Amino acid sequence: MTIAALCRLLDEIDTQGGPNAARRRHLSLDDSPRRGTVPQAESAPPAQSDLHAAIAELLRAGATYEEIRKELGGGSYRTISQVRRAEGIPVIPRPRHAHTPEATYARYAEPYGDGHARWTGAWAGRMPQIQHPGPNGRGRKESALRVAFRMVYGREPTGYVRASCLEPGCVAAAHLTDRDMRQELNHPRSAQQDGAQR
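All values reported here derive from a predicted model rather than from experimental measurement.

Turning our eyes to something else, we now look at the packing of aromatic side chains. This structure, assessed with the given rule, holds four aromatic pairs. Note on Tyr 65 and Tyr 77: the rings are 6.2 Å apart at their centroids and 20° apart in plane angle, and the pair reads as stacked. Highlighted residues: Tyr 65 in helix α4 (residues 65–72) and Tyr 77 in helix α5 (residues 77–87), separated in sequence by 12 residues. On the basis of an interplanar angle of 25° and a centroid distance of 6.1 Å, the ring pair of Tyr 105 and Trp 119 is categorised as stacked. Pair noted here: Tyr 105 is in helix α6 (residues 101–108) and Trp 119 is in strand β2 (residues 116–119), with a separation of 14 residues, a long-range link.

The next point concerns the pairing of β2. Summarising the sheet, strand β1 (residues 109–112) and β2 pair through four bridges and their orientation is antiparallel. Counted as the bridge partner of Pro 111 is Ala 117 from β2. The antiparallel pairing of β1 with β2 creates a hairpin that spans three residues between the two strands, and Gly 113 there sits at a positive phi of about 55°.

Below, the discussion takes up the packing of α4 against α5. α5 packs onto α4 with a crossing angle of 110° between their chain directions and a minimal axis gap of 10 Å. As judged from the angle between their axes, α4 and α5 are roughly perpendicular. Across the interface between the two elements, Tyr 65, Glu 66, Ile 68 and Arg 69 from α4 touch Tyr 77, Ile 80, Ser 81 and Arg 84 from α5. Across the contact of α4 with α5, the residue classes tally to four nonpolar, one polar and three charged.

By size, the foremost hydrophobic cluster in this structure holds 17 residues, and its most contacted members are Tyr 105, Ala 109, Trp 119, Ile 130, Val 171 and Leu 176. Elements represented by at least two residues in this core include exactly β2 and α7 (144–153). Broken down by element, this core gets its largest block of residues, five residues, from α7. In this structure, Ile 130 is in contact with Pro 101, Thr 104, Tyr 105, Trp 119, Arg 140, Lys 141, Glu 142, Ala 144 and Val 147, ignoring residues within four places of it in sequence. Formed by 10 residues, the second largest nonpolar core is a distinct cluster that contains Ala 54, Leu 72, Ile 80 and Ile 89.

About the criteria used
- Residues numbered from 1 in each chain as written.
- Predicted model: local features only at pLDDT ≥ 70, side-chain atom pairs only at ≥ 80, totals over all residues.
- Heavy atoms only, no water.
- Phe/Tyr/Trp six-rings, centres within 6.5 Å; stacked < 30°, edge-to-face > 60°.
- Helix = DSSP H or I, 4+ residues; strand = E, 2+ residues; numbered from the N terminus.
- Pairing = 2+ DSSP bridges.
- Axes fitted to C-alpha atoms, helices over the stretch in contact; angles between N-to-C directions.
- Parallel < 35°, antiparallel > 145°, perpendicular 65-115°, else oblique.
- Contact = heavy atoms within 4.5 Å.
- Nonpolar A, V, L, I, M, F, W, Y, C, P; charged D, E, K, R; others polar.
- Core = buried A, V, L, I, M, F, W, Y, C linked by side-chain atoms within 4.5 Å.
- Buried < 20%, exposed > 50% of the residue type's maximum accessible area, 1.4 Å probe, protein only.

What follows is the structure, given as structure tokens:
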């Protein structure tokens, strides 16, 4: 069966109720062989065996799952994976683009309101998370708040980094404070006295 014939078959299934009708066997498809065609073996439906052969050929050529879906006009990731395993085709390791923590922060910190920013990236519990580049994409993880603090103040934060504004979940770099900054804000006289004693 050619890809064009497969597409016609899928279109016919869609016009008669789609995949649910096919699962319930409520379709009236013509199974009689066309003139000039050789009957297929009964082990698998012709469309499925041709689809599997096309998927296997594309996998051997090094195509990605997305490229296979685009080339064949559909096909699920599960089907492609099953064909890859059944044919013994190894998974081709593909390099991932490593971004610096600063670039990751810039990508996922979405500004809004009066200078606030919300985090749209990965989270670890209630903490916005950034993964550093590392071997096989398994670098160490760090709080996005610590990365943003370093970007603004040029130093490592002391203790926990928190937003100084009252906006819940704000990750704007300019709104972040560390323990030393909060102590100075909360006890300005003791910080001045410590400076005078030195």
